[in-house]
Amino acid sequence: MNAMKKLMRGAAVMTAALAANLCTVAQEAAKPSFWWDVDFSTVFDNREGDSKYTDTRTYFQTQLAPEIGAQFKSAGATHRIAGGAVWTQPIGSEWDGHRISPTLYYRYEGHRGLSASIGMFGRNQLIRPLPNYIWSDSVYYCQRNIRGAMIQYQSDRGFFEALLDWRGMQSRSRREAFNIIAQGEWRHRSFTAGGLAMMNHLARSAEATDDQHVVDNFIVNPYVGYRGAGNNIAGHIHLGMLASLSRDRGESAWIERAGLWLEGAVAWRWLEAKNTLYAGGKLFPLYSRYGSLLEQGEPYYASKWYDRLSLAANLVSTSRVALKASVDFNLAKNNFTFYQRLLLSVSLGSSGRRPRIVF
């Protein structure tokens, strides 16, 4: 809880700084210019083995996310308003299962490492993808946009970003749901120290019955680590604690869970390997009751321990196109699930952003 308060206090200071910068916009605004971006991705993810925590199914889909807008520069900062759509289409089912969702946001990019977004904007605006105990592979596949607001700071010594993802607006049948997430990392030479904190809230629907209760969930993950590179080899290792605090308000007690968290990754030329281990109490103690309605991370964290080993080859890696093939071994209590994945990402447009594949 103290970690969350400190992170939120830092976000408030950054928000005040952003507001001060925006006050100069009307005085020094340049003529707007046309802006456009198109992201395209294809996912093939075949899952085999035990299905205790997640279905052994195949994800095979494409996603197209065009955006257009206008941007201008003022006082050394860039301001952008953009809109578009995200079309997610399963392959092999014609039009069945398709989904079209809106993109509409304002983006601020300052000259001192400060940036912010508000609206419905792509997860690719994150400085670092969120870990799999926050968002699972399938969430990344099917829900491209963050729905809310985000503020970020980045320098040569590290980064910090905080966001609100309002994933459910209350209606007669829909429950209100949102996450507040903050993550950051400080670097000194090869030494790193960082962490993540999340507040997760699941409220009642507008016409809820008496057996529907508000649910609260907190996750913290402080860590220390080492990061190095040389001779075509780059890698990192992070060691820390991963803990959760959960409560169904229909019950009086908070459920506390904590364990060891270890992550290591290495890349050599076009090959990559990554291993993540959690061992302790069930990080998602209410998953059997609420599932992904509450917890959007990998369902394996409903186990007392979870280890994932991923081996990948970057078949194509350019400024516009990325193609990655991987095999992923997921081990949890009384469960082994094996993924075979082929992931394509293409980015075109004004941003010049390199395609990113979450691994």
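Residues numbered from 1 in each chain as written. Predicted model: local features only at pLDDT ≥ 70, side-chain atom pairs only at ≥ 80, totals over all residues. Heavy atoms only, no water.

### Regarding the overall build of the chain
We count it as follows: In DSSP terms, a helix is any run of H or I states spanning at least four residues, a strand is any run of E spanning at least two, and both are numbered starting from the N terminus. We compute the radius of gyration from the C-alpha atoms alone; for a globule the expected value is 2.2 Å times N to the 0.38, where N is the number of residues. Each residue is assigned to one of three classes by its accessible area relative to the maximum for its type, calculated with a 1.4 Å probe on protein chains only: buried under 20%, partly exposed between the two thresholds, exposed over 50%. Any two residues whose heavy atoms approach within 4.5 Å are treated as being in contact. Computed with the Shrake-Rupley method and a 1.4 Å probe, the accessible areas treat only the protein chains shown as cover for residues. This count recognises Lys and Arg as positive and Asp and Glu as negative, with His and chain-terminal groups excluded. For charged residues, the charge sits on one atom: NZ in Lys, CZ in Arg, CG in Asp, CD in Glu.
Along the backbone of the chain there are 4 helices and 16 strands. The C-alpha atoms of the chain give a radius of gyration of 21 Å, which matches the 21 Å a tight globule of 359 residues would have. Expressed as lengths along the three principal axes of its C-alpha atoms, the size of the chain is roughly 60 × 55 × 50 Å. In the chain, which comprises 359 residues, the proportion classed as buried is 45%. Once local pairs closer than 6 in sequence are excluded, the contacts in the chain between residues at least 24 apart make up 58%. Of the roughly 17500 Å² that the chain leaves accessible, carbon and sulfur atoms contribute 59%. Computing the positive centroid from 41 side-chain charges and the negative centroid from 30, the chain places the two 6 Å apart.

### Digging into the environment of Gln152
The test is simple: Identification of polar contacts relies on pairs of N or O atoms within 3.5 Å, with a donor-acceptor requirement for protein atoms, meaning one able to donate a hydrogen and the other able to accept it, and with residues adjacent in sequence counted only if both atoms are side-chain atoms.
For Gln152, the position within the fold is in strand E6 (residues 145-155). Take Gln152: its relative accessible area is 1%, and that puts it in the buried class. Separated by 26 residues in the primary sequence, Gln152 and Leu126 have C-alpha atoms spaced 8.4 Å apart. Polar side-chain contacts of Gln152 include one of 2.9 Å to the backbone oxygen of Gln125.

### As for the packing of aromatic side chains
Selection rule: For this analysis, a ring pair means two rings from Phe, Tyr or Trp (six-membered ring only for Trp) whose centres lie within 6.5 Å, classed as stacked if their planes differ by under 30 degrees, edge-to-face if by over 60, and tilted for the remaining angles. Working rule: Lys NZ or Arg CZ, within 6 Å of ring centre, within 35 degrees of ring normal, means a charge sits over the ring.
By the definition in use, this model includes 18 aromatic pairs. For the ring pair Tyr223 and Trp261, a centre distance of 5.9 Å and an interplane angle of 50° mean the geometry is tilted. In this pair, Tyr223 sits in strand E10 (residues 215-230) while Trp261 sits in strand E12 (residues 255-268), placing the two residues 38 residues apart along the sequence. Classification of Trp261 as buried rests on a relative accessible area of 4%. Ring centres of Phe284 and Tyr287 lie 6.2 Å apart, and the angle between their planes is 20°; on these two criteria the pair is classed as stacked. Classification of Phe284 by relative accessible area gives buried; the value is 1%. Overall, Tyr287 belongs to the buried group, its relative accessible area being 18%. The rings of Tyr53, Tyr133, Tyr278, Phe284, Tyr287, Tyr300, Tyr301 and Tyr306 are connected pair by pair, giving a single aromatic cluster. One Lys or Arg, Arg47, reaches over the ring of Tyr339 and ends 4.2 Å from the middle of that ring. A cation sits over an aromatic face here: Arg57 above Tyr59, 3.9 Å from the ring centre.

### A word on empty space enclosed by the protein
Put simply, the rule reads: Here the term cavity refers to a set of points on a 1 Å grid, laid over the protein atoms alone, in which a 1.4 Å probe fits but cannot get out; the term pocket refers to an open set having protein on both sides within 12 Å along at least five of seven lines, with lining residues being those that place an atom within 4 Å of a point. Grid points are joined across faces, edges and corners, and a volume is the space filled by probe spheres set on the points.
Per the stated rule, a full pass over the model turns up 3 cavities of 30 Å³ or more. What lines the largest cavity is a set of 30 residues, and nearest its centre among them are Ser41, Tyr140, Ser345, Arg356 and Val358. Contributing elements (two or more residues each) for the lining of the largest cavity: strand E1 (33-49), strand E2 (58-74), helix H3 (137-142) and strand E16 (335-349). Per element, the largest residue contribution to the lining of the largest cavity is 6 residues, and it comes from E16.

### A look at the nonpolar core
How we decide: What we call a nonpolar core is a set of buried Ala, Val, Leu, Ile, Met, Phe, Trp, Tyr and Cys residues that are connected through their side-chain atoms within 4.5 Å.
With 32 residues, the main nonpolar core has Leu130, Tyr133, Ile134, Trp135, Leu242 and Tyr301 as its most contacted residues. Every element with two or more residues in this core is listed here: H3, E6, strand E9 (191-202) and E10. Among all residues touching Trp135, those that are not within four sequence positions of it are Arg123, Leu126, Leu130, Tyr140, Ile146, Asp165, Gln296 and Gly297.

### Brief notes about the pattern of salt bridges
Pairing of side chains with opposite charge becomes possible as their charged atoms draw close. Basically, it comes down to this: Throughout this description, the term salt bridge denotes a Lys or Arg side-chain nitrogen within 4 Å of a carboxyl oxygen of Asp or Glu.
Across all of its chains, the model carries 21 salt bridges by this definition. Put simply, Arg227 and Glu185 hold a salt bridge, and the shortest N to O gap is 4.0 Å. One end of the pair, Arg227, is in strand E10; the other, Glu185, is in strand E8 (residues 177-188), and 42 residues separate them in sequence. Relative accessible area serves as the criterion here: at 5%, Glu185 is assigned to the buried category. For Arg341, the salt bridge is made with Asp328, and the minimal N-O distance between the two is 3.0 Å.

### Details of a nonpolar patch on the surface
Threshold: By definition, no residue in a patch forms a salt bridge, and every one has over 30% relative accessible area; like charges are joined within 9 Å, nonpolar side chains (Val, Leu, Ile, Met, Phe, Trp, Tyr) within 5 Å.
Residues Phe44, Phe60, Ile91, Ile233, Val266, Trp268, Trp270, Leu271, Leu315, Val316 and Leu342 make up a contiguous nonpolar surface patch of roughly 910 Å² in combined accessible area. Sorting the residues of the nonpolar patch by element identifies E12 and strand E14 (305-317) as the ones contributing at least two each. Note that Val316 resides in strand E14. Taking the relative accessible area as the measure of exposure, Val316 reaches 31% and is therefore partly exposed.

### Some remarks on the layout of surface pockets
If a probe as big as a water molecule is rolled over the atoms, it shows which places are left empty. What counts, and what does not: Polar here means any residue outside two lists: the nonpolar Ala, Val, Leu, Ile, Met, Phe, Trp, Tyr, Cys and Pro, and the charged Asp, Glu, Lys and Arg; Gly therefore counts as polar.
Of the pockets and cavities examined, the second largest pocket occupies roughly 470 Å³. Only H3 and strand E7 (158-168) provide two or more residues apiece to the lining of the second largest pocket. When residues in the lining of the second largest pocket are grouped by element, the largest group, 3 residues, is from H3. Of the residues belonging to the lining of the second largest pocket, the class tally is 8 nonpolar, 8 polar and 9 charged.

### Considering the pairing of E10
What counts is decided by this rule: Strands qualify as paired when DSSP identifies two bridges or more between them.
Pairing between E9 and E10: 12 bridges, direction antiparallel. When the sheet's bridge partners are listed, Asn200 is paired in E10 with Asn217. Relative to strand E11 (residues 233-248), E10 runs antiparallel, the two sharing 14 bridges. What sits directly across from Asn217, in E11, is Ser246. Linking two consecutive strands that pair antiparallel, namely E10 and E11, is a turn of 2 residues; a positive phi of about 55° is found at Asn231 within it.

Function cannot be inferred from these measures alone, as they are strictly geometric.
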